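These are the residues of each chain, in order.
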Amino acid sequence: MGFKKVFSRPHSLKDAPFHYCPGCGHSIIHRLVAEVIDEMGIQEKTIGVPPAGCAVLAYNYFDVDMGEAPHGRGAAVATGLKRVLPDRMVFTYQGDGDIAAIGTAETIHAANRGERITVLFINNGVYGMTGGQMAPTTILGQETTTTPGGREQVRDGFPLNLSEMLALTKGSAYIERTAVTNPKNIMRTKKAIEKAFRVQMEGLGFSLVEILSPCPTNLKLRPADAWKWVEEKMVEIFPLGVIKAAKKG
Amino acid sequence: MNKKLMSGNHAIGEAAIRAGCRCYFGYPITPQNEIAEHMARRLNEVEGGVFIQAESELAGINMVIGASMAGARVMTSSSSPGISLKQEGISFLCALELPAVIVNMTRGGPGLGNIAPAQSDYFQATRGGGHGDYRTIVLAPSTVQESVDLTVEAFQLADTYRIATLILGDGMLGQMMEPVAFPDGKLPKPPVKDWTLTGAKGRPSRFIRSLLLDPVVEEELNWKLARKHERIAAHEVRYEAYRLEDAKMVVVAFGSAARIAKGAIKRTREEGLKVGLLRPITLWPFPHKIIKDVAKKVGHFLVFEMNTGQMVEDVRLALGGKGEVSFYGRPGGVVITPLEMSRVISSRYYQKGLK
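Residues numbered from 1 in each chain as written. Chains lettered and ligands numbered in written order. Predicted model: local features only at pLDDT ≥ 70, side-chain atom pairs only at ≥ 80, totals over all residues.

*Asks:* Give a detailed account of the overall build of chain A, specifying residues and quantitative values.
*Replies:* Secondary structure summary: chain A contains 9 helices and 9 strands in total. Projected onto its principal axes, the C-alpha positions of chain A cover 55 × 50 × 30 Å. Expressed as a percentage of the 249 residues in chain A, the buried residues total 57%. When contacts within chain A are restricted to residue pairs at least 6 apart in sequence, long-range pairs at least 24 apart make up 68% of them. (Helix = DSSP H or I, 4+ residues; strand = E, 2+ residues; numbered from the N terminus. Buried ≥ 20, exposed ≤ 12 C-beta atoms within 10 Å, placed from the backbone. Contact = placed C-beta atoms within 7 Å.)

*Asks:* Give a description of the sheet that holds strand β12 (residues 275-280) of chain B that names residues and reports values.
*Replies:* All names here are of chain B. The 5 strands lie next to each other as β10-β12-β11-β14-β15, forming an open sheet whose pairing is mixed. Two strands in the sheet have a free side with no partner beyond their single neighbour: β10 (239-242) and β15 (324-329). Adjacent strand axes in the sheet meet at a mean angle of 20° when their direction is disregarded. One ladder, built from 4 bridges, connects strand β11 (residues 249-252) with strand β14 (residues 300-305); its direction is parallel. Bridge pairing links V251 to L302 in β14. Lying over the sheet, helix α9 (residues 255-270) contacts β10, β11, β12 and β14, oriented at roughly 165° with respect to β12. Each of β11, β12, β14 and β15 is contacted by helix α12 (residues 338-351), which is oriented at about 155° to β14, the strand it contacts most. (Pairing = 2+ DSSP bridges. Axes fitted to C-alpha atoms, helices over the stretch in contact; angles between N-to-C directions.)

*Asks:* Describe in detail helix α3 (residues 57-69) of chain B, supporting the description with residues and values.
*Replies:* Residue and element names in this part refer to chain B. For α3, spanning 13 residues, the distance from its first C-alpha to its last is 18 Å, which sits close to the expected 18 Å at 1.5 Å a residue. Summarising burial for α3: 13 of the 13 residues are buried, a large majority. Positioned one or two residues after α3, G71 has a phi angle of 100°, which is positive. (Expected span 1.5 Å × (residues − 1).)

*Asks:* How would you explain the interface of chain A and chain B if you had to name every residue and give the values?
*Replies:* Reports of interface size often rely on the accessible area that becomes lost once the parts have come together. At the interface, 29 residues of chain A touch 31 residues of chain B. The set of elements that each furnish at least two residues to the side of chain A that touches chain B consists of β1 (46-49), β2 (65-67), α2 (74-84) and α4 (104-112) of chain A. With 8 residues, the single largest contributor to the side of chain A that touches chain B is α2 of chain A. Its residues assigned to classes, the side of chain A that touches chain B shows 14 nonpolar, 6 polar and 9 charged. Note that β2 of chain A and strand β9 (residues 207-208) of chain B share 2 bridges and pair parallel. (Nonpolar A, V, L, I, M, F, W, Y, C, P; charged D, E, K, R; others polar.)

*Asks:* Before we move on, can you summarise the nonpolar core with the specific residues and values?
*Replies:* In this structure, L81 and L120 of chain A together with A100, V251 and A261 of chain B are the most contacted members of the largest nonpolar core, which totals 183 residues. No fewer than three residues from each of domain 1 (4-235) and domain 2 (240-351) of chain B sit in this core. Discounting residues that sit within four places of it in the chain, L120 of chain A has contacts with V33, F91, T92, Y93, I193, V209 and I211 of chain A. (Core = buried A, V, L, I, M, F, W, Y, C linked by C-beta atoms within 7 Å. Domains from an automatic or database assignment.)

*Asks:* Summarise the sheet that holds strand β7 (residues 164-170) of chain B; cite the residues concerned and give the values.
*Replies:* Residue and element names in this part refer to chain B. A sheet is described by the order of its strands in space; here 7 strands give the open sequence β3-β2-β4-β5-β7-β6-β13, paired in mixed fashion. Edge positions in the sheet fall to β3 (50-53) and β13 (282-284), since each has one partner strand and no second. Adjacent strand axes in the sheet meet at a mean angle of 20° when their direction is disregarded. The pairing of strand β2 (residues 23-26) with β3 spans 4 bridges and is parallel. When the bridges of β3 are listed, G26 appears paired with Q53.

*Asks:* Describe the pairing of β2 of chain B, and please don't skip the residues or the numbers.
*Replies:* Residue and element names in this part refer to chain B. Burial along β2 is two-sided: C23 and F25 facing one way and Y24 and G26 facing the other are all buried. Handedness of the crossover is the feature at issue here: the chain leaves β2, passes through helix α2 (residues 33-45), returns alongside β3, and the resulting connection is right-handed. Two elements, β2 and strand β4 (residues 74-78), share 2 bridges in a ladder whose sense is parallel. What sits directly across from Y24, in β4, is M75. (Right-handed = clockwise from strand over helix to strand, strands pointing away.)

*Asks:* An account of the domain arrangement of chain B is needed here, citing residue identities and associated values.
*Replies:* Residues and elements named next belong to chain B. As assigned here, chain B comprises domain 1 (4-235) and domain 2 (240-351). A C-alpha centroid distance of 28 Å is found between domain 1 and domain 2. Taken together, the elements giving at least two residues each to the side of domain 1 that touches domain 2 come down to α5 (122-126), β6 (137-139), β7, α7 (171-175) and α8 (215-235). When the residues that make up the side of domain 1 that touches domain 2 are grouped by side-chain class, the tally is 16 nonpolar, 9 polar and 2 charged.

*Asks:* Describe the pairing of β11 of chain B, naming the residues involved and giving the relevant values.
*Replies:* If a strand is regular, its side chains alternate between the two faces of the sheet. Residues and elements named next belong to chain B. Here β11 shows a buried face lined by M249 and V251 and a second buried face lined by V250 and V252. Two elements, β11 and β12, share 4 bridges in a ladder whose sense is parallel. Each bridged residue has a counterpart across the sheet, and for M249 the counterpart in β12 is V275. A crossover connection joins β11 to the parallel β12 through α9; in handedness this β-α-β unit is right-handed.

Written as structure tokens, this is what we have:
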């Protein structure tokens, strides 16, 4: 007689409490990434590149080798790592400001080179760590600390659909947009991360999963409402699904 | 020893390959493109070679960061405006204690400047260059052969101290062709790197970071770097002393300017003027001590730079008010001849009544 363990912390996560705000999607996504690493048995060959932003402390949580990149430069740092160590699994973990504003060039060119790296792009529509300024993915009408009265197209420009742009590059092999707003979407997100990692392992090219994630603190909404806001407002601009899946060979 | 006729840029590229450099990331800018072109060809030939023409200087230096994290000997090269763009990454390299070699074939600046030989980036090179409290080792060759020797040494220094190491040249050094010999035989083994990111196989996972939110921890990193800088300053100062034995006046110059000054001194010596040359080879750490020692016997120092006066500040600091310092500068890419420089030297010599 004994108890069977049916749920526990993934091996690839350290025993450390997350610093993320209540209702934030990062904790869920961290767990999903760690579960995929465990299930694929790649903890010993994975190298992660955290961003500048809320997830900058990701190296406190992931129990894999991690190397900090300057703001926006994740894809370039990952390129350096992967080219020296082509048989390792190299992923970046980047927010919307990091990847779609200051790091746009590095990301597009890494994708266009078909760099065998995986980018996990967490899109919450706002600069979280700096206190809620407009992000490149802030939707029109969305109020932030630098778009008083809401993002206005003439003054602030449109939200940027980076994943669709990246899909146009010949080097990108797999691009999918998911969300972590309900159990079904969470399971889809996990599958997408696994798929992206497999694409990298098979050497097919650049892979990216954009994950829509709620930021209740800066949306100034209660967690449940923030999650609803992502599903209702963000998904309209950033539709979920596979954006690109290149065939082998 | 077999000698080959090579330009400074090609020679630096080849020396890097001989030193075990297997990764190069860079972006085109004149007058140093031959370095990237040489690396593109050679890294295709050697095992494990990685060459990427990056989309920008920013991307290039960050690829350097990634490759260095993975343990590779890695180099990038550029010229003044491109080096400005790399400064964020150089600051990160130093904060993360990642070795790398960076070549700056300086332009006449500021702004876009021109591609003519100048020494306008002395301050930027010797004061860290980017944000934060750090230094880089700065090596200033004055011949193509010395460019080879110092490139090999740069990789060794970078690995030994886990620090970004700069080679500061200019378009003259990069474009000029001279016969060079490459070191044959075995180079010293690089130190064991027990800090690289290679996947946590058979060891606990590691992280390399520079965000230290606790001020006490950040202070300790800054002091740790400062102690490293002190060790480098104590052990790695290099300079050339030329005809100092009876000198009444000493010219202080580095790189191409020193080469011009040396030719000028040969002429003035023929005229009987007792002039010597002190040529800093490491611009950081700066050879303070020798300058101070020379000041015991020599009253006048003439600093010659291809800028409006940058190293002259370090010479004054080294002297601490002891000797008299004058400055002669030609910024903007103007290259004077040894004959012209000899006239500058002799007029100062006579003005100071140094007969």
